[in-house]
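# Structure at a glance
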Amino acid sequence: NDTKDYGKLLEKLHLRDWILRKRILGEWWLRLPGALILLPFWILGAIVNILPLGLIKLVNTHLIKDRMLHASIQLGVSTAIMPFWYLILFALCWIFTGKLWIAAIFLVLCYPSLLLYVRSRVFVIKMYNRSRRFFLKLAGNPLLKKAESLRKDILNIIEENFSQSK
């Protein structure tokens, strides 16, 4: 019964279980400066990579019904398509700037920008949810307090049952 109540509370709060785990004090604030420093590179990654990744994701979600395959197919198609996309962007950069060295630097930055953009999407989601939890906690939200209490009770029950089975 506690687990059902806990699940309903998380649903009402629009939070996931991982957000209520014990965190290192100030971890959110320690990551924020790094995120701000990398913001220009993230913007470059978004501009350069959003079109092909978005199209791949759109086709993937409409053609492939099995959600378990989405990530694998997206990785495979991206691996095949992205080098051509980057060469097209390299050529356009060279044509518009007229300088090969600027286009070469752009080409060198494309792949790291892809890695940063894809990985930071998860980071942004986590930062958003952590900040929501922080402000809910700061406001003294009773639903959050109840959810944290239920989680603690559930973990204590699991720990008791696990220690008794040994």
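Look up a bit, the structure's there.
First, a word on scope: everything that follows refers to the structure included in this document. Given the structure is predicted, the values throughout are model-derived calculations rather than measurements.

## Quick notes on the overall build of the chain
Across its full length, the chain holds five helices and zero strands. Going from N to C terminus, the chain has its helices and strands arranged as α-α-α-α-α. Oriented by its inertia axes, the alpha-carbon framework of the chain measures out at about 70 × 40 × 35 Å. The buried share of the chain, reckoned over its 166 residues, is 27%. Sequence-distant contacts in the chain: of pairs separated by 6 or more residues, those separated by 24 or more amount to 74%. Surface accessibility of the chain: about 12,200 Å² in total, with carbon and sulfur atoms responsible for 71%.

## As for helix α3 (residues 70–97)
With 28 residues, α3 should cover 40 Å at 1.5 Å per step; its first-to-last C-alpha distance of 37 Å lies within 8% of that length. In the structure, α3 departs most strongly from a straight axis at Ile81, where the bend amounts to approximately 35 degrees and where the proline Pro83 lies between one and four residues downstream. Among the residues of α3, those classed as buried are His70, Gln74, Ser78, Met82, Tyr86, Leu89, Phe90 and Cys93. Phi turns positive one or two residues past the end of α3, at Gly98, with a value near 75 degrees.

## Thoughts on the nonpolar core
Of all hydrophobic cores here, the largest spans 13 residues; its most connected members are Val48, Tyr86, Leu89, Phe106, Cys110 and Leu114. Among the secondary structure elements, those contributing two or more residues to this core are α2 (27–63), α3 and α4 (100–138). Not counting the four nearest positions on each side in its chain, Leu114 is found in contact with Asn49, Leu53, Met82 and Tyr86. In this structure, Leu9, Leu10, Leu136 and Leu144 belong to the second largest nonpolar core, which totals twelve residues.

## Digging into a nonpolar patch on the surface
A contiguous nonpolar patch, built from Trp29, Phe134, Phe135 and Leu138 and spanning about 460 Å² of accessible area, is present on the exposed surface. Examined against the element boundaries, Trp29 turns out to sit in helix α2.

## Quick word on the layout of surface pockets
Space inside the second largest pocket adds up to approximately 440 Å³. Every residue lining the second largest pocket is counted, 16 residues in all, and those nearest its centre are Leu53, Leu75, Ser78, Leu114 and Val118. Within the residue set of the lining of the second largest pocket, elements represented by two or more residues are α2, α3 and α4. Element by element, the count of residues in the lining of the second largest pocket is highest for α3, at eight residues.

Thresholds applied
- Throughout this description, residue numbers start from 1 for each chain and increase along the sequence as written.
- Per-residue local features are limited, in this predicted model, to residues with pLDDT of at least 70; the limit for side-chain atom pairs, both in listing and counting, is 80 or more; totals at the level of whole chains, interfaces and linings are taken over all residues.
- Side-chain numbers come from the whole structure's heavy atoms, not from hydrogens or water.
- Here a strand is any run of E in DSSP of at least two residues, a helix any run of H or I of at least four, and the numbering for each starts at the N terminus.
- Each residue is assigned to one of three classes by its accessible area relative to the maximum for its type, calculated with a 1.4 Å probe on protein chains only: buried under 20%, partly exposed between the two thresholds, exposed over 50%.
- Residue contacts are counted whenever heavy atoms from the two residues lie within 4.5 Å of one another.
- Only the protein chains shown count as cover for residues, and the accessible areas themselves come from Shrake-Rupley with a 1.4 Å probe.
- A helix is expected to span 1.5 Å for every residue after the first.
- Bending is quantified residue by residue as the angle between axes fitted to the seven-residue window ending at that residue and the seven-residue window starting at it.
- In these notes, a set of buried Ala, Val, Leu, Ile, Met, Phe, Trp, Tyr and Cys residues joined through side-chain atoms within 4.5 Å is what counts as a nonpolar core.
- Patch criteria: residues need more than 30% relative accessible area and no salt bridge. Like-charged residues are merged within 9 Å; nonpolar side chains of Val, Leu, Ile, Met, Phe, Trp and Tyr are merged within 5 Å.
- Salt bridge, as applied in this entry: a Lys or Arg side-chain nitrogen positioned within 4 Å of an Asp or Glu carboxyl oxygen.
- The distinction between a cavity and a pocket rests on a 1 Å grid over the protein atoms alone: a 1.4 Å probe fits inside a cavity but cannot get out, while a pocket stays open yet meets protein on both sides within 12 Å along at least five of seven lines, and a residue with an atom within 4 Å of a point counts as lining.
- Grid points are joined across faces, edges and corners, and a volume is the space filled by probe spheres set on the points.

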